[in-house]
Amino acid sequence: MYDTMVIGPVSLDINIDHLGHERREVGGAVVASGFAAAGSGAKTAVFCKLNPEEADLSERFDGIAADLYWKPSAHTCSIRNQYFTADKEKRQCTSLGVCDPFRFDELPDVKTAVYHFAGLVYGDFDGALLEEASKHGKVALDVQCMLRHVEPDKSMAFHDWAEKKQYLPMIDYLKTDAAEAEIMTGLTDRAAAARLLHEWGAKEVVITHNTEVLAYDGETIYTCPIKARNLSGRTGRGDTTFAGYITERQHASVEESLRYCTALVSLKMETPGPFRGTREDVLEYMKAFY
């Protein structure tokens, strides 16, 4: 029995910073989320898909305190990220490959309290997958993969999730960033957007921003400031935040979980790559800065 199962494609990432420096790595939301969940002490399963000839899973997940499951895909997801600013808030994404869609019957035959869907592009998951998962455990969805589409020219653009009102009632934990929340609701006010997403059915809403993280449970809007001392590990911010929130919520309040996941991501952003620390490291960081 797992506390969480993080599900999604790995990605062959080409990241180019605003100075033109190129970094190639095997990444993806499933990597950042998996390390964050496991590092936080949750009993974690990771299920991913890739073409094994294109990426080395054992190397990418080396040292993770989680059980790793995978299935082959004809292609491995691959994304080129061109960042235009030092804070990495503005970027252009180009698709170089798309993973085969996920189906529920492909998932490992194990029990988990939460199914954490950490996709990258529209088509990774469909509504049927979310619906079936909701019959077996809680569903956590980073909505990025329902909004980010690969266009005919391989550029990537965000469009609203047409089926949002049908499937949001099946979501226990919904994560967006500020821009995604605006795309879905038309609202620039993050608190107002969170209230509307909850009204449409999402039970708890987490919205990330470069200054803070917001959480809403239908009763109270909570916010917590990001206090990272540098942004060298900015990639994976939202994935780390959400994984920390989900796992903490299995035994803590919304407010406590928000404080933990914000401290977690603040600490993670100070070092490139996924979070390789421990829960104790996060608690020490909380004592020092929160």
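Starting afresh in each chain, residues are numbered from 1 along the sequence in its written order. In keeping with the predicted nature of the model, local features appear solely for residues at pLDDT of at least 70, side-chain atom pairs appear and are counted solely at 80 or more, and the whole-chain, interface and lining totals rest on all residues. The side-chain figures draw on all heavy atoms in the structure; neither hydrogens nor water molecules are used.

A.B. asks: So what exactly am I meant to see when it comes to the sheet that holds strand β6 (residues 77-83) here?
C.D. replies: What holds strands together in a sheet is hydrogen bonding between their backbones, with the strands either parallel or antiparallel. Strand pairing requires that DSSP identify at least two bridges connecting the strands. The helix and strand labels rest on DSSP assignments: H or I over at least four residues marks a helix, E over at least two residues marks a strand, and numbering proceeds from the N terminus. If you walk across this open sheet you meet the four strands as β3-β2-β6-β7, and the pairing is mixed. Of all the strands in the sheet, just β3 (22-27) and β7 (91-97) have a single pairing partner and so form its edges. Within this sheet the neighbouring strands show an average axis-to-axis angle of 20°, counted without direction. As defined by bridge partners, strand β2 (residues 11-16) adjoins β3 across six bridges and the pair is classed as antiparallel. For D13, the partnering residue across the bridge sits in β3 and is E25. Axes, fitted as lines to C-alpha atoms, cover a helix only where it is in contact. Angles between the N-to-C directions of the axes lie from 0 to 180 degrees.

A.B. asks: Explain helix α3 (residues 127-134) to me, please; I cannot follow it from the model alone.
C.D. replies: Owing to its 3.6 residues per turn, the α-helix aligns residues three or four sequence positions apart on the same side. Exposure classes here rest on a 1.4 Å probe applied to the protein chains alone. A residue is buried below 20% of its type maximum, exposed above 50%, and partly exposed in between. Among the residues of α3, those classed as buried are G127, L129, L130 and A133. Buried positions in α3, seen along its axis, are confined to an arc of 160° and lie on one side of it. Tucked inside the fold, the buried residues of α3 contact β8 (112-117), β9 (138-142), α4 (144-147) and α5 (164-167). In this context, the arc is that of the directions from the helix axis out to the C-beta atoms. Contacts are assigned to residue pairs that have any heavy atoms within 4.5 Å of one another.

A.B. asks: Would you mind going over the pattern of salt bridges with me for this structure?
C.D. replies: Once their charged atoms are close, side chains differing in charge can pair, the charge on each being opposite to the other. Each salt bridge in this description consists of a side-chain nitrogen of Lys or Arg and a carboxyl oxygen of Asp or Glu lying within 4 Å of one another. If you walk through the whole model with that rule in mind, you get 13 salt bridges. K135 is the salt-bridge partner of E132, the closest N and O atoms lying 3.5 Å from each other. You can call E132 partly exposed: its relative accessible area is 26%. When the shortest N-O distance is used, the salt bridge between D160 and K164 registers 2.6 Å.

A.B. asks: Can you help me understand the nonpolar core in this one?
C.D. replies: Taken as a class, soluble globular proteins show a tendency for nonpolar side chains to be buried jointly. Definition used in this section: a nonpolar core is a set of buried Ala, Val, Leu, Ile, Met, Phe, Trp, Tyr and Cys residues joined via side-chain atoms within 4.5 Å. One finds I7, V10, F61, F117, L141, W161 and L168 to be the most contacted residues of the largest nonpolar core, which totals 62 residues. Counting 16 residues, the second largest nonpolar core, distinct from the first, contains Y173, V206, V254 and M269.

A.B. asks: Whenever I open this one, the packing of helix α8 (residues 237-249) against helix α9 (residues 254-268) confuses me. Can you help?
C.D. replies: A pair of packed helices is captured by two measures, namely the crossing angle of their axes and the spacing between those axes. At a minimum axis distance of 8 Å, the contact between α8 and α9 shows a crossing angle of 145°. Considering only the axes of α8 and α9, their crossing is right-handed. From α8, R237, T240, T241, G244, Y245, E248 and R249 reach across to α9, where they touch V254, S257, L258, Y260, C261, L264, V265 and K268. Each residue is assigned to one of three groups, with Ala, Val, Leu, Ile, Met, Phe, Trp, Tyr, Cys and Pro labelled nonpolar, Asp, Glu, Lys and Arg labelled charged, and all others, Gly among them, labelled polar. Broken down by class, the residue content of the contact of α8 with α9 amounts to seven nonpolar, four polar and four charged. Note on convention: near helix rotated counterclockwise from far helix by under a right angle means a left-handed crossing. Clockwise means right-handed.

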